[in-house]
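Analysis of the macromolecular model
One letter stands for each residue in the lines below.
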Amino acid sequence: MLARLLLSPPACRDAALLRRAVAGQTILVTGASFGIGREVALLLAEADAKVLLTARSLGPLQELADLIAARGGQAEVYRADLAQPAEVEALIQRLRAEHPKLDAVVSNAGRSIRRSAYSASEKRDLERSLAINFSGPAALILGLLPSLGSGSVIVNVSTVSVKPPGGPRWGSYQGSKAGFDLWLACLGAEVQASGVRVCSVYLPLTRTRMSAPTYSAATLALSARDAAQSVVDALVRPVSRIAPWWLAWQELGALLFPNVMRRALGLVERLDRWQERRR
Ligand SMILES: NC(=O)c1ccc[n+]([C@@H]2O[C@H](COP(=O)([O-])OP(=O)(O)OC[C@H]3O[C@@H](n4cnc5c(N)ncnc54)[C@H](OP(=O)(O)O)[C@@H]3O)[C@@H](O)[C@H]2O)c1
């Protein structure tokens, strides 16, 4: 509850409101097999939307689709690896053939990695992060543009960490997510003339498989359900940004006091190195 009060972006916690916004719609959710994407899919299906579920893990996707069907909802499974261009292309072709009109795409699939730029694997991390956090989702959205018409929404599940200042050891993750965020903002400026709305949701730390190495039991973090309620808020309100109240202050601080921020982050990195030497 404290995490929700202090950290959460605005959220839609009213099931009736969500149902009014999405009932009868067809909505693609990427990264629906686990974590925030799974919760988003459940919320949308409970609100009577037809959800199209995609990720790499067929078993968890099928389990989720069965759970939704058992509760009286509608879900279809599309297995695909968004980091593989050929699989993205095949996914686009199937979706366009089977669902020529989409009401929304929730671009949620992603992967985080925290590793030093001095690490031997950082170049590979950067390539993989760009593929899953930027080029894969961007190719998918471009391929689906003909299925998005007036009233359709593209929701980007982003992170507060794409906003300045960048953190040490997060270059691959934050850089790839920030690149996609700006790319989508540019696309949003263009597609609004066709009545398509783009909204980025900037989430803080959320308890999921992805973030498990980053927090301890005492760390303040949202639940996946809380985060999902912020994501679906993008389908309820006609906004382009959903962010916690303090994010604008973080951005302003980085703008007004860049050297203070730089020194503080330098201290964080020095502390990490000191802890590594002691291990
Ligand atoms: N957790 C946080 O603290 C946090 C904070 C801010 C923003 N976010 C963002 O929230 C989103 C969801 O993260 P999460 O925390 O829910 O992580 P998660 O539990 O690990 O879920 C990630 C989802 O992305 C899918 N995915 C990963 N690589 C994929 C690939 N190559 N192709 C297709 N699907 C792929 C995964 O499915 P498969 O493994 O089955 O493919 C899974 O369904 C991410 O975009 C993340 O950046 C998370």
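Counting restarts for each chain, with residues numbered from 1 along the sequence as it is written. Only residues with pLDDT of 70 or above have their local features reported here, since the model is predicted, and side-chain atom pairs are shown and tallied only from 80 upward, although totals for entire chains, interfaces and linings are computed over all residues. Values reported for side chains reflect all heavy atoms of the structure, with hydrogen atoms and water molecules removed beforehand.

Going by what an unreviewed UniProt entry lists, the protein chain is known as Fatty acyl-CoA reductase and is assigned to Deinococcus xinjiangensis.

Topic: the pattern of salt bridges
Heads up, the condition is: Every case where a carboxyl oxygen of Asp or Glu lies within 4 Å of a side-chain nitrogen of Lys or Arg is listed as a salt bridge. Note on classification: 1.4 Å probe, protein chains only; a residue is buried when its accessible area is under 20% of the maximum for its type, exposed when over 50%, partly exposed between these limits.
A full pass over the atoms with the stated rule returns 19 salt bridges. When the shortest N-O distance is used, the salt bridge between D233 and R237 registers 2.8 Å. D233 gets classed as buried once you look at its relative accessible area, which sits at 4%. Ionic contacts of the salt-bridge type, sharing partners, join the residues E39, E46, R71 and R225 into one network.

Brief notes about the site of the ligand
Heads up, the rule is: What makes a residue near a molecule or strand is one non-hydrogen atom of that residue sitting within 4 Å of it. Polar contact is defined as a pair of N or O atoms within 3.5 Å, subject to the rule that within protein one atom must be able to donate a hydrogen and the other to accept it, and that residues adjacent in sequence are counted only when both atoms are side-chain atoms. Note on areas: these come from Shrake-Rupley sampling with a 1.4 Å probe, and a residue is covered only by the protein chains present in the view. Numbered from the N terminus, helices here are DSSP runs of H or I no shorter than four residues, and strands are runs of E no shorter than two. Residues are grouped as follows: nonpolar covers Ala, Val, Leu, Ile, Met, Phe, Trp, Tyr, Cys and Pro; charged covers Asp, Glu, Lys and Arg; every other residue, Gly included, is treated as polar.
The environment of the ligand is made up of 30 residues, and the closest members are R56, S57, Y173, K177 and T208. The contact in question runs from an oxygen atom of the ligand to an N or O atom on the side chain of S57, over 2.5 Å. G110 has a polar backbone atom sitting 3.4 Å from an oxygen atom of the ligand. Calculation on the ligand without its partners gives an accessible area of 870 Å², and the protein chains cover 96% of this total. Secondary structure elements with two or more residues in the shell around the ligand: α3 (35-46), β5 (148-159) and α7 (171-191). The element contributing the most residues to the shell around the ligand is β5, with three residues. A breakdown of the residues in the shell around the ligand according to their chemical character gives 15 nonpolar, eleven polar and four charged.

Observations regarding the nonpolar core
For the record, the criterion: Take the buried Ala, Val, Leu, Ile, Met, Phe, Trp, Tyr and Cys residues and link them wherever side-chain atoms come within 4.5 Å; each set so joined is a nonpolar core. By definition, residues are in contact when any of their heavy atoms lie within 4.5 Å.
Counting 47 residues, the largest nonpolar core has I27, V40, L44, L53 and V231 as the members making the most contacts within it. If one sorts the elements of this core by residue count, α3 sits on top with seven residues. Every residue in contact with L44, bar those within four places of it in the chain, is listed here: L18, V22, I27, V29, A49, V51, V232 and L235. Among the nonpolar cores identified, the runner-up in size contains 25 residues, and L52, L82, V88 and F180 belong to it.

Focus: unusual backbone geometry
The omega torsion of the bond from P164 to P165 falls at 0°, within 30 degrees of zero and hence cis. Mapped onto the secondary structure, P165 falls in the loop between β5 and α7. Unlike most non-glycine residues, D48 shows phi in positive territory, near 70°. Along the chain, D48 turns up in the loop between α3 and β2 (50-55). A relative accessible area of 41% places D48 in the partly exposed class. With phi around 75°, R169 is a residue other than glycine that occupies positive phi space. Among the secondary structure elements, R169 is positioned in the loop between β5 and α7.

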